[in-house]
Amino acid sequence: MKIKSTLTALSLGLCLWNVALAQNKAKTAGPWPAVEQQMKPWTRWWWMGNAVDESNISKVLTQYQQAGIGGVEITPIYGAVGFEKRYIDFLSPKWMDMLHYTVQKSNALGMGVDMNTGTGWPFGGPLVKPEHAATKLIVQQYDVKAGQKLTEAIKVKEAKQDAAKLQAVTAYGSNGEVLDLSGQVDANGILNWTAGNGNWQVYAAFAGKTRQEVKRAAPGGQGLTLDHLDKNAVTNYLSRFDKAFDGKPQGVRAFFNDSYEVYGANWTPTFFEEFQKNRGYDLKKHLQELVGKDSASENVARLKSDYRETMSDLLLDNFTHNWTNWANKYGSITKNQSHGSPGNLLDLYGAVGIPETETFGSSHFPIPGLRRDSADVRNVDPDPMMSKFASSAAHTGGKNLVSSETFTWLTEHFKTSFSQCKPEAEQLFLAGVNHIFFHGTTNSPADAVWPGWLFYASVELNPNNSLWPQVNGMNSYLTRCQSVLQSGKADNELLIYWPVYDVWNRAKGMDMAIKVHNIDEWLHPTAFYKLSKNLAKSGYSFDFASDRLLAQSAGQNGLINTAGNASPYQVLIIPECTMISVETLTKAIQLANEGATVIFQQLPKDVPGLNKLEERRAELKALLAKLSFADAGNGVKQFKTGQGVILLATDVEKALAYRAVKREAIADTGLQFIRRSFAGGKYYYIVNHTAKDVDATLPINANGSVVLMDPQSGASGLGASSVKDGQLMVRLQMRSGEAMILKVLEKMPAGTANWTYLNKAAKQIDLNNAWTLNFTTGGPELPAAQKLNKLVSWTSLADPRLQDFSGTGVYTSNFTLNAKTAKEYVLNLNQVDESARVWINGQEVGILWSIPFQARVGKYLKAGNNIIKVEVVNLMANRIRYMDQKKIQWRNYHEINFVNINYKPFDAANWAVMPSGLIGPVTITPYL
């Protein structure tokens, strides 16, 4: 049945979703929060060519739901060659039918739906006419001698710029004169002006067009890229959706915008007016400095800082707020990747319902056995500090969700293991992300030959992936983590100001896109970054603050409140910076007067921008002169003001210690953490990304009893804790690569069982008996069964078909347990390529999907003979290698087709064979 009515789809979907949600909550027990659909990982869901139908949608959504995926984000893109008759134009009535059916089916399954407000990226399409398209500044220079006129007409010379409009003409004389001649150019471009004494340069500014089109556009989405800086252009763009939606809610939770990849769009037709209004002076008189050759001039840098701040204002007001208000009227929120934008990321992230960061490439983790191929290393590793821009905007704004486009180009295609995914996701969690979106899953019809339709920059988490039968192992882990990380509120004690004016104050270039990919330019060299890294390493928790955020903050009861629903902060830190506005410095002093603690690493030196420079410098100097610091010892100076205090200390940690702001000493072990607070207690999410196992009693800055919660297995129990000199201490045992959650409760529920610690290890049991190996699913064909006296990669066995096989192999063996006397037994599979589901004596132990491939198995064992079965899935890589060697056609798409990690044509024919299967050695260790 097709859902023709949007309102019917929405009401029915919400009803079914509430039923499914209630069922999910009913199944939850113990200390874990009740699971909601947004706590499960979601996935970007590419609709190739919009070639979707109800039957396929129903089938794949059911597969996603069964695999533990909580929702989909629809992003239409280019299609597969040969399937053009199935293509559906974006936002056509038939496309809307497919959206409505998706919402209905998803909600019936307890899933949610997000939707890209466009196809491919960035926003644009057939409704974007040249007047509303992405705009660039074109400036032409003419030389005119004294007493002469410009003989040529002032018309744009760049090819294919028919839509360009003349906006300003400014003349610069050799004696320092600056004349605005904009009103002296007639309709034919003739300048009615005679040059005075000296030589003159005339600059003509045009609002031209970048002519960029939507990348990876789907049918019905092709066209010019939108001018994001122009409110009318954005409103006009969204009117296409208004017409398709008929003004009614669609059941879409969030409308999505991908990272800002609008190249060369450094202007908008109203820029001169907006600059005058926001910065207070006439930019037309400064064209020469704005577009001249890069200069070391201080005033050029100041001018460009003002220009970049205006870009930020326009993007925030005319696009982000405008788009968000539009989504809100449909009962939806917005989810935005602000990075890459030429603006203040904290403000742009903070203006939407769900700020979204992304990871691109792989990180180095010293976890033993974790594979990282040299080909997977990018120019810059993913950096948690970059992700904290998105999470900070959510935390300071009192918003619960922070999402991430996750695993983009984590490895080369078909080589990504769950073990590689886990620490990358954990690094995001530690940075404050709590809503994972896989990048991603391509919708593929049942009749598409293996490996189905695929997107070129994806980790390929789809039902055709040979790892798919065990993806629920990873998804269950992510869900447990996110159920905790979405509970309560962020619990960070420090608020660190981001000195954006230092970033903007550069004479080089014009617009400044603040990207994930160039953090080594705008982030890594700064004192702000170095301070943040050091504080994190020392065990402090913090968020970042913009000038705009501080302007709306208030001091109360010794704390800093940034928003009504946000957790307050104990301290505001102003890192070493050159530039700060008079308004922000005034606000920092005001917060101290209101009772807050403010720490300056160094006093700022200057004000940003060019307008009324000396007047503002004087104001800044006067404000700083009032800060009469007294020596507080140990390198700390203090100035008491009102109800609070301002501290000055090059070593910020000494100032924090002076104010008795406690760090988490657990960080000294190398363990990393993030906290959440809730009524009656705190959560600690802790990860061991070191190379060593940890078994220690460690301090925790909380009060109460501690429940240990293992997100890998779901097990929980009351931890061994004590109080020493007023400090809560808890014993932790964590292997390299493992995570643990502490739930610290002021009041412990009765009947909570104790956590079982692994204390004294007895003699290890080696599972050395022969194994049988049967292949159950996969291809290109199922190999014959094998008898193994020793565990090795199945690719090294005699059958040559095993080098080409991707799929599932089932190992079976037995072992003898003389007596079951130990307190606990730990199964260790050691090397697994790539994931294993284990049964002992017919009872499922679970999915051991990641390093260290261990599980507690005491309750499944018996004295005497025991039978173990291990189902192993390997990577897709070997089968893809076989197909490319045999020149079997499997990739044939419009647009970019299919490329490798270096954006070259993909070819796996010369790959080495990837090890596969249960390699072991398999052992069981009793603990007494």
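Residues numbered from 1 in each chain as written. Predicted model: local features only at pLDDT ≥ 70, side-chain atom pairs only at ≥ 80, totals over all residues. Heavy atoms only, no water.

## A look at the confidence of the model for the chain
Here comes step 1: In this model, the chain carries a mean pLDDT of 95, and residues with pLDDT of at least 70 account for 97%.
Here comes step 2: Here residues 1-28 is modelled with pLDDT under 50, and outside its nearest four sequence neighbours on either side it reaches 45 contacts, counting other chains as well. (pLDDT = per-residue confidence, 0-100. Contact = heavy atoms within 4.5 Å.)

## Structural notes on the packing of aromatic side chains
Aromatic ring pairs are defined here through the distance separating the ring centres and the angle between the ring planes.
Here comes step 1: Going through the model one piece at a time under the given rule, you end up with 58 aromatic pairs.
Here comes step 2: Each ring, one from F123 and one from Y237, has its centre 5.5 Å from the other, and the planes form 15 degrees; the classification is stacked. Placement of the pair is F123 in the loop between β3 (112-116) and β4 (124-125) and Y237 in helix α4 (residues 231-245), with a sequence separation of 114 residues. Neither residue differs from the other here; F123 and Y237 are each classed as buried.
Here comes step 3: Their ring planes at 75 degrees and their centres at 5.2 Å tell us that W890 and F898 sit as a pair that is edge-to-face.
Here comes step 4: Residue F898 is classed as buried on the basis of its relative accessible area, which comes to 3%.
Here comes step 5: A cation sits over an aromatic face here: K284 above F272, 5.5 Å from the ring centre. (Phe/Tyr/Trp six-rings, centres within 6.5 Å; stacked < 30°, edge-to-face > 60°. Helix = DSSP H or I, 4+ residues; strand = E, 2+ residues; numbered from the N terminus. Buried < 20%, exposed > 50% of the residue type's maximum accessible area, 1.4 Å probe, protein only. Lys NZ or Arg CZ within 6 Å of the ring centre and 35° of its normal.)

## Observations concerning helix α10 (residues 418-430)
Here comes step 1: Look at α10: 18 Å from first C-alpha to last across 13 residues, which is about the 18 Å you get at 1.5 Å a residue.
Here comes step 2: With respect to burial, α10 is a largely interior element, 13 of its 13 residues being buried.
Here comes step 3: The first or second residue beyond α10 is G432, which carries a positive phi of 105 degrees. (Expected span 1.5 Å × (residues − 1).)

## Quick look at the sheet that holds strand β8 (residues 200-209)
Here comes step 1: Spatial strand order, β5-β8-β6-β7: 4 strands in an open sheet with antiparallel pairing. Pairing within the sheet leaves two strands with one partner each, and these edge strands are β5 (135-144) and β7 (178-180). Here the average twist between neighbouring strands, direction ignored, is 20 degrees.
Here comes step 2: Relative to β8, β5 runs antiparallel, the two sharing 10 bridges. Each residue of the ladder has a partner; that of L137, found in β8, is A207. (Pairing = 2+ DSSP bridges. Axes fitted to C-alpha atoms, helices over the stretch in contact; angles between N-to-C directions.)

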